[in-house]
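Each chain, written out:
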Amino acid sequence: MEQEFIEKAVLNAAQDVFSTMLGMEAAHIAALSDAGSTDDRERVVALIGIAGDYIGTGMIGCSPKLACKASSVMMMAEYAAVDVEVLDAMGEIANMIFGNVKTALESEVGALGLSIPTVVFGRNFSTRSMGNHAWIHVPMKVDEEEIDIRFCIAPNVAVLRQVKHGFKKEYALAEV
Amino acid sequence: MKLNVLVVDDSAAIRKILLRVLSQTDLPVEKVQEASDGVEALKIMNSDNINLVLSDVNMPNMDGLELLTTVRANAAWKAVSVIMITTEGSQAKVLEAVQLGANGYVRKPFTAEQIKEKVLSCLKGVPA
């Protein structure tokens, strides 16, 4: 799969979710203003896994301010601070974005599965996904707040072994 | 016809949004109940007279397609309308749901208007 194809799938899915569900415009930006920063601001991070013949992780990260605003719009309720309902809403936003990315990728690689989202809220933490495949970054801006959207996907090694030993018929696998 | 609705989704956020949509549109909704998976949904359907189910597909314990299959296999629930509301947007999945007996299919993300249109189509008996 071409990186450009995946990037476009992520961008289209994010813009569709924000505009349809939240009535907010999500603009693609060149880079996050705090890229590489290690400050201890509070963050809300939602993670979701992809499984199947390709495996990977999708992540969205944003400020508590944007998480509360997005949740307030989506649920038509007022959220002044991050609570369990804001975390639920962010998990669902991640689910919808990467669910739609999954649908787009399935046209290239066949059926994939999506995990239940996990949402983390706090300060001074870092995230890491195992494996050595590069993340695809799609930084965006929503209502003047930045949102960090990342996606990482690679062929499933166990499936590669099945192909190698002839258990699967011809199967198109390409390096990301 | 008054609607006795069951919203089935493992996401509390989506359930809340759908409850809001159903209460704020002019659909003839009498009662709305919630379930977080197919198992819970069947318990409610066995004890209450549900006539419309809005269900996600991907859920733990029992997914939406298994719930749909179970509902369609039960003669007592023949008249129950089932609308799938899901991120699963591939043609294959939509076709699978229709073949299993779904009355409608809405892709997430959705607008309130899309939900209302699908429900109205079901009420009119028009394939949605």
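Small disclaimer: the values here were computed from a predicted structure and weren't measured.

(A) The arrangement of the overall build of chain B in detail. Scanning chain B from N- to C-terminus turns up 5 helices and 5 strands. Secondary structure elements of chain B, listed N to C terminal, follow the sequence β-α-β-α-β-α-β-α-β-α. Radius of gyration (C-alpha) of chain B: 13 Å, near the 14 Å computed for a compact globule of 128 residues. Along the three orthogonal principal directions, the C-alpha set of chain B runs to about 35 × 30 × 30 Å.

(B) Spotlight on the overall build of chain A. From N to C terminus, chain A includes 4 helices and 8 strands. Going from the N terminus to the C terminus, chain A shows its helices and strands as α-β-β-β-α-α-β-β-β-β-β-α. Residue burial in chain A is summarised as follows: out of 176 residues, 45% are buried. Within chain A, contacts between residues separated by at least 24 positions form 69% of all contacts whose residues are at least 6 apart in sequence. Of the roughly 9000 Å² of accessible surface on chain A, 51% is carried by carbon and sulfur atoms.

(C) Up close: the packing of helix H1 (residues 3–22) of chain A against helix H3 (residues 84–109) of chain A. Residue and element names in this part refer to chain A. Contact geometry of H1 with H3 gives a least axis separation of 9 Å together with a crossing angle of 140 degrees. With respect to H3, the element H1 is oriented oblique. Along this stretch, H1 crosses H3, giving a crossing that reads as right-handed. Contacts from Phe 5, Ile 6, Ala 9, Val 10, Ala 13, Ala 14, Val 17, Phe 18, Met 21 and Leu 22 of H1 reach H3 at Ile 93, Met 96, Ile 97, Asn 100, Val 101, Ala 104, Leu 105, Ser 107 and Glu 108. Within the contact of H1 with H3, the residues separate by chemical class into 16 nonpolar, 2 polar and 1 charged.

(D) Broad picture of the pairing of strand S2 (residues 42–52) of chain A. Residue and element names in this part refer to chain A. By the bridge criterion, 6 bridges tie S2 to strand S5 (residues 118–123) in an arrangement that is antiparallel. Looking at the pairing, Val 44 lines up with Phe 121 of S5. Where S2 meets strand S3 (residues 54–62), 7 bridges bridge the pair, whose relative direction is antiparallel. Within S3, the residue paired with Val 45 across the bridge is Gly 61. Two successive antiparallel strands, S2 and S3, enclose a turn made up of 1 residue. Here S2 runs beside strand S4 (residues 112–114); their pairing, made up of 3 bridges, is antiparallel. By the bridge assignment, Gly 52 is partnered in S4 with Leu 112.

(E) Highlighting the nonpolar core. Counting residues in hydrophobic clusters, the biggest one holds 67 residues, and the most contacted among them are Ile60(A), Met74(A), Ile93(A), Ile97(A), Ile149(A) and Leu54(B). Sort the elements by how many residues they give to this core and H3(A) lands first, with 11 residues. Beyond its immediate stretch of four places on either side in the chain, Ile60(A) contacts Val44(A), Val45(A), Ala46(A), Met90(A), Ile93(A), Ala94(A), Ile97(A), Phe98(A), Ile147(A), Asp148(A) and Ile149(A). Ranked by size, the runner-up nonpolar core spans 23 residues in total, among them Met62(B), Leu67(B), Val80(B) and Val82(B).

(F) Summary view of the layout of surface pockets. Taken as a whole, the second largest pocket spans an internal volume of roughly 450 Å³. Lining the second largest pocket are 27 residues, and of these Asn95(A), Ser115(A), Pro117(A), Asp10(B) and Asn58(B) sit closest to its centre. Mapped onto the lining of the second largest pocket, the elements with two or more residues apiece are H3 and S4 of chain A together with helix H4 (91–100) of chain B. Examining the composition of the lining of the second largest pocket, we find that 7 residues originate from one element, H3(A), more than from any other. Classifying every residue of the lining of the second largest pocket by side-chain character gives 11 nonpolar, 8 polar and 8 charged.

(G) Inspection of the interface of chain B and chain A at higher detail. In this assembly, 17 residues from chain B lie in contact with 19 residues from chain A. Counting the surface chain B buries against chain A, the share from its top three residues, Lys16(B), Thr87(B) and Pro109(B), is 33%. At the junction of chain B with chain A, the criterion picks out 4 salt bridges. Of the charged contacts, one joins Lys16(B) and Glu85(A) as a salt bridge, the two residues approaching to 2.8 Å between their closest N and O atoms. Taken together, the connections running from chain B to chain A amount to 11 residue pairs in polar contact (both at pLDDT 80 or more). It is helix H1 (residues 12–24) of chain B that contributes the most residues to the side of chain B that touches chain A, 7 residues altogether. The class makeup of the residues in the side of chain B that touches chain A is 6 nonpolar, 6 polar and 5 charged.

Reading the values: rules and limits
Position labels on residues start from 1 in each chain and follow its written sequence. Whichever chain is written first is A, and whichever ligand is written first is 1; the rest continue in order. It should be noted that, the model being predicted, local features are given only for residues of pLDDT at least 70 and side-chain atom pairs only at 80 or more, the latter also being counted only at that level, while totals for whole chains, interfaces and linings use all residues. Computation of side-chain values covers all heavy atoms of the structure but excludes hydrogens and water. Strands here are runs of E lasting at least two residues and helices are runs of H or I lasting at least four, both read from the DSSP assignment and numbered beginning at the N terminus. Using C-alpha atoms as the atom set, the radius of gyration is obtained and then compared with a globule rule of 2.2 Å times the number of residues to the power 0.38. Remark: exposure states derive from per-residue accessible area (1.4 Å probe, protein chains only) relative to the maximum for the residue type, with buried under 20%, exposed over 50%, and partly exposed in between. Pairs of residues are marked as contacts when any of their non-hydrogen atoms sit within 4.5 Å. Only the protein chains shown count as cover for residues, and all accessible areas are computed by the Shrake-Rupley method using a 1.4 Å probe. Orientation is described by axes fitted as lines to C-alpha atoms, over the contacting stretch for helices, and by angles from 0 to 180 degrees between their N-to-C directions. Comment on the angle field: the value is read as roughly parallel under 35 degrees, roughly antiparallel over 145, roughly perpendicular from 65 to 115, and oblique elsewhere. Two helices crossing with the near one rotated counterclockwise from the far one by less than a right angle form a left-handed crossing, whereas a clockwise rotation gives a right-handed crossing. Each residue is assigned to one of three groups, with Ala, Val, Leu, Ile, Met, Phe, Trp, Tyr, Cys and Pro labelled nonpolar, Asp, Glu, Lys and Arg labelled charged, and all others, Gly among them, labelled polar. Between any two strands, at least two bridges found by DSSP are needed for them to pair. Grouping buried Ala, Val, Leu, Ile, Met, Phe, Trp, Tyr and Cys residues that are joined through side-chain atoms within 4.5 Å yields what is termed a nonpolar core. Buriedness for pockets is judged along seven lines, at least five of which must meet protein on both sides within 12 Å for an open set on the 1 Å grid over protein atoms alone, while cavities are sets there where a 1.4 Å probe fits but cannot get out, and lining residues have an atom within 4 Å of a point. Grid points are joined across faces, edges and corners, and a volume is the space filled by probe spheres set on the points. Defined in terms of a 1.4 Å probe, buried area is the accessible area two parts forfeit on being brought together, summed over both. Think of a salt bridge as a Lys or Arg side-chain nitrogen and an Asp or Glu carboxyl oxygen that are within 4 Å of each other. Pairing of N or O atoms within 3.5 Å defines a polar contact, subject to two protein rules: one partner must be a possible hydrogen donor and the other a possible acceptor, and residues neighboring in sequence count only if both atoms are side-chain atoms.

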